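The chain contents come next:
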Amino acid sequence: MIKKLLLIIILVVSISGGIVIVNVNNSGLSIGENLEHSTNPFKVDTDGDGLSDKQEIFDYGTDPNVVDTDDDGLSDYEEVREYETNPTVADTDGDGLSDREEVLEYETNPTVVDTDGDGLSDRDEIDKYRTDPTIKDTDGDGLRDREEVKEYNTNPRVEDTDGDGLRDREEVIEYHTDPLKTDTSGDGIPDSYAVDKEYLNPHRYNVTVEIDTDTETDFPDDLTKVKEVFDEAPVSSETGVKGINLNFIKDEKGIAPPNRSYDNIDDSHFDRNGYGVYHMYYTEEIPNQRAIGYTYESEDMLVVQHTGNELYSNSYLNSVVSHEIGHNLGLLPDLYDGIDSESINIDTYYSVMNYNSRYNKIDYSHTSTGFDDWEFIQNNITRYQASTHKIELE
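Along the chain, the regular secondary structure elements total 14 helices and 7 strands. Out of the 394 residues in the chain, the part that is buried amounts to 45%. In the chain, the proportion of contacts linking residues at least 24 apart, taken out of those at least 6 apart, comes to 45%.

In structure tokens form, the structure reads like this:
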């Protein structure tokens, strides 16, 4: 009875013998509605949140006695008038972030699960991947955050995941290289350098030889046969591409031959030293050597003699070059008795590295008997690859 007296003031006025009951209630609600919702009949907005009690009850379904119905940190008024969120649900879009977190901390859209439309929910971007939920491509590498984490397993916060100098998008879209490996093929040549040189293939093993000649010798006319041997090699890169991409770069002609050592030529004329390239000096004569080919293993250098004798065929030249490149690739005498030796017959060790081949063979051995040259090259390509120290410094 006391409650009713506090809520209702009845003014009784006698008019023409009758009684008029006047409800002095300013809330916009009926007496019964005020009683039902325990609102203050003398206030339009009981909780002072900016919404009238009538709006809260009939329009928005909020509690007119509480400023923040869903306890998400935003007032009912802010949710309804400013952010267009649901004031009765703490996380309007159901993405795992409260409406307050979205609008005040992360500046995401509280009504959309994926604000930037990159395919990742706002919650996943913030808590799981630590990416920017308002930008589709957090690191600016050209791939959406979802592509990076779901398709390519790259780091969506770093534009060059493997640090090889190529952005992740360049690797997966333009060059089809592995964005998680600095050297996709596994030959020791970084992807960034391989894609920059027309003669290199980032998906295949590469062997490159720079050729200089002395004052009396022209560049070798045709090294096609040795190139074909490498092209058809029974080896595969880490991407599964078969064969080896062998390149010959004709560089300088007319370099005076040394009296005793080739160190000076190597130091002064090996232009690609340190860039994954071997150095071949093609000369009329090899001083102090009976051989027509010689390899400086520690210097990435091979020397080949041009005999000038018409009896020596083009196949002979290709065989000598192939033999010396074999040394550069690690096929050395201390590896197997048949290398640079006549101690193993050609049927057992059928290889250009066997002196019994008499330079009639260009290919390396690939067999279960004797010694398998190609298997060794396959397993040791990075170990004996020409030095790449200058590439690594760039």
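Now that the structure has been shown, the text picks up again.
Looking now at the sheet that holds strand S6 (residues 293-296). Ordered by their spatial adjacency, 5 strands build an open sheet running S4-S3-S5-S7-S6, and the pairing between neighbours is mixed. The two strands at the open ends of the sheet, each matched to only one other strand, are strand S4 (244-250) and S6. Ignoring which end each strand starts from, the neighbouring axes of this sheet average 20° apart. By the bridge criterion, 5 bridges tie strand S5 (residues 278-283) to strand S7 (residues 301-305) in an arrangement that is parallel. Bridging across to S7, Tyr281 finds its partner in Val303. Along the sheet face, helix H13 (residues 373-384) touches strand S3 (205-213), S4 and S5 and points at about 75° away from the line of S3.

In terms of nonpolar packing, the biggest core is built from 41 residues, with Val209, Phe230, Ile244, Phe248, Ile325, Tyr364 and Trp374 touching the most fellow members. Those elements giving two or more residues to this core turn out to be S3, helix H10 (224-231), S4, S5, S7, helix H12 (314-328) and H13. Top element by residues in this core is H12. It accounts for 5 residues. Tyr262, Ile265, Tyr281 and Met301 belong to the second-largest nonpolar core, a separate cluster that totals 7 residues.

Under the counting rule described, the total for this entry stands at 9 aromatic pairs. When the centroid spacing of 4.8 Å and the interplanar angle of 75° are considered together, the rings of Tyr336 and Tyr349 count as edge-to-face. One end of the pair, Tyr336, is in the loop between H12 and H13; the other, Tyr349, is in the loop between H12 and H13, with 13 residues separating them in the sequence. Of the two residues examined, Tyr336 and Tyr349, each falls in the buried class. In this structure an aromatic cluster arises from ring pairing among Tyr336, Tyr349, Phe371, Phe376 and Tyr384.

The backbone phi angle of Asp71 is positive, close to 55°, even though this residue is not glycine. When you line up the elements, Asp71 lands in the loop between helix H3 (53-60) and helix H4 (76-83). Overall, Asp71 belongs to the exposed group, its relative accessible area being 66%. One non-glycine residue, Arg130, lies in the positive phi region at around 55°. Structurally, Arg130 is set in the loop between helix H6 (122-129) and helix H7 (145-152).

Before going further, it helps to examine H3. Taken residue by residue, H3 has Asp53, Glu56 and Ile57 as its buried positions. Buried residues of H3 fall within an arc of 90° about the axis and therefore sit on the same side. In this structure, the buried residues of H3 make contact with helix H2 (31-37) and H4. Backbone geometry just after H3 places Gly61 at a positive phi near 70°.

Within the secondary structure layout, Thr69 lies in the loop between H3 and H4. As for Thr69 and Ala90, which are separated by 21 residues in sequence, their C-alpha atoms are 8.8 Å apart. Among residues more than four places away in sequence, those in contact with Thr69 are Glu56, Thr62, Asp63, Asp76 and Pro87. Polar contacts involving the side chain of Thr69 include one to the main-chain amide nitrogen of Asp63, which spans 3.0 Å. Polar side-chain contacts of Thr69 include one of 2.6 Å to the side chain of Asp76.

Let us look at the packing of H10 against H12. Closest axis-to-axis distance for the H10/H12 pair is 8 Å, and the angle between their directions is 50°. Our classification of the angle between H10 and H12 gives oblique. Counted together, Thr224, Lys225, Val226 and Phe230 of H10 and Asn314, Ser315, Asn318, Ser322 and Ile325 of H12 form the full contact between these two elements. When the residues that make up the contact of H10 with H12 are grouped by side-chain class, the tally is 3 nonpolar, 5 polar and 1 charged.

This paragraph deals with the environment of Val66. Secondary-structure assignment places Val66 in the loop between H3 and H4. A sequence separation of 10 residues divides Val66 from Asp76, and the C-alpha atoms of the two residues are 8.5 Å apart. Dropping the residues within four chain positions of it, Val66 is found in contact with Asp47, Asp49, Glu56 and Asp76.

Listing the buried residues of helix H5 (residues 99-106) in full gives Asp99, Glu102 and Val103. End-on view of H5: buried residues confined to an arc of 80°, all on one side of the axis. The inward-facing, buried residues of H5 abut H4 and H6. Within two residues after H5, Glu107 carries a phi angle of roughly 60°, on the positive side.

Bringing the pattern of salt bridges into the picture now. Inspection of every chain in the model, using the stated rule, returns 10 salt bridges. A salt bridge links Arg100 to Glu105; the nearest nitrogen and oxygen atoms lie 3.1 Å apart. Residue classification places Glu105 among the partly exposed positions, given a relative accessible area of 44%. Where salt bridges share partners, they join Glu210, Asp251 and Arg272 into one cluster.

Criteria and thresholds
Per chain, residues are indexed from 1 in the order of the written sequence. Given that the model is predicted, a residue must reach a pLDDT of at least 70 before its local features are reported, and side-chain atom pairs must reach 80 or more before they are shown or counted; all residues, however, enter totals for whole chains, interfaces and linings. Just so you know, side-chain values use all the structure's heavy atoms and leave hydrogens and water out. To qualify as a helix, a DSSP run of H or I must reach at least 4 residues; to qualify as a strand, a run of E must reach at least 2; elements of each kind are numbered from the N terminus. Think of it in three bands: residues with accessible area under 20% of the maximum for their type are buried, residues over 50% are exposed, and the middle band is partly exposed, with areas taken using a 1.4 Å probe on protein chains only. The contact criterion used is simple: two residues touch if any of their non-hydrogen atoms lie within 4.5 Å. Pairing between strands is defined by DSSP: at least two bridges between the two strands are required. Axis lines are fitted to C-alpha atoms, over the contacting stretch for helices. Their N-to-C directions set the angle, which ranges from 0 to 180 degrees. Put simply, a nonpolar core is a bunch of buried Ala, Val, Leu, Ile, Met, Phe, Trp, Tyr and Cys residues held in one set by side-chain atoms that sit within 4.5 Å of each other. Side-chain rings of Phe, Tyr and Trp, where Trp is taken by its six-membered ring, are said to pair if the distance between their centres is within 6.5 Å; with planes under 30 degrees apart they count as stacked, over 60 as edge-to-face, and otherwise as tilted. In this description, one arc is meant: the one made by directions from the helix axis to the C-beta atoms. Under this definition, polar contacts are N or O atom pairs within 3.5 Å; protein pairs additionally need one hydrogen-donor-capable and one acceptor-capable atom, and for neighbouring residues in sequence, both atoms have to be side-chain atoms. Note on angle classes: values under 35 degrees are labelled roughly parallel, values over 145 roughly antiparallel, values of 65 to 115 roughly perpendicular, and the remainder oblique. Polarity classes work like this: nonpolar for Ala, Val, Leu, Ile, Met, Phe, Trp, Tyr, Cys and Pro, charged for Asp, Glu, Lys and Arg, and polar for all others, with Gly in that last group. Take a side-chain nitrogen of Lys or Arg and a carboxyl oxygen of Asp or Glu: if they are within 4 Å of each other, that pair is a salt bridge.

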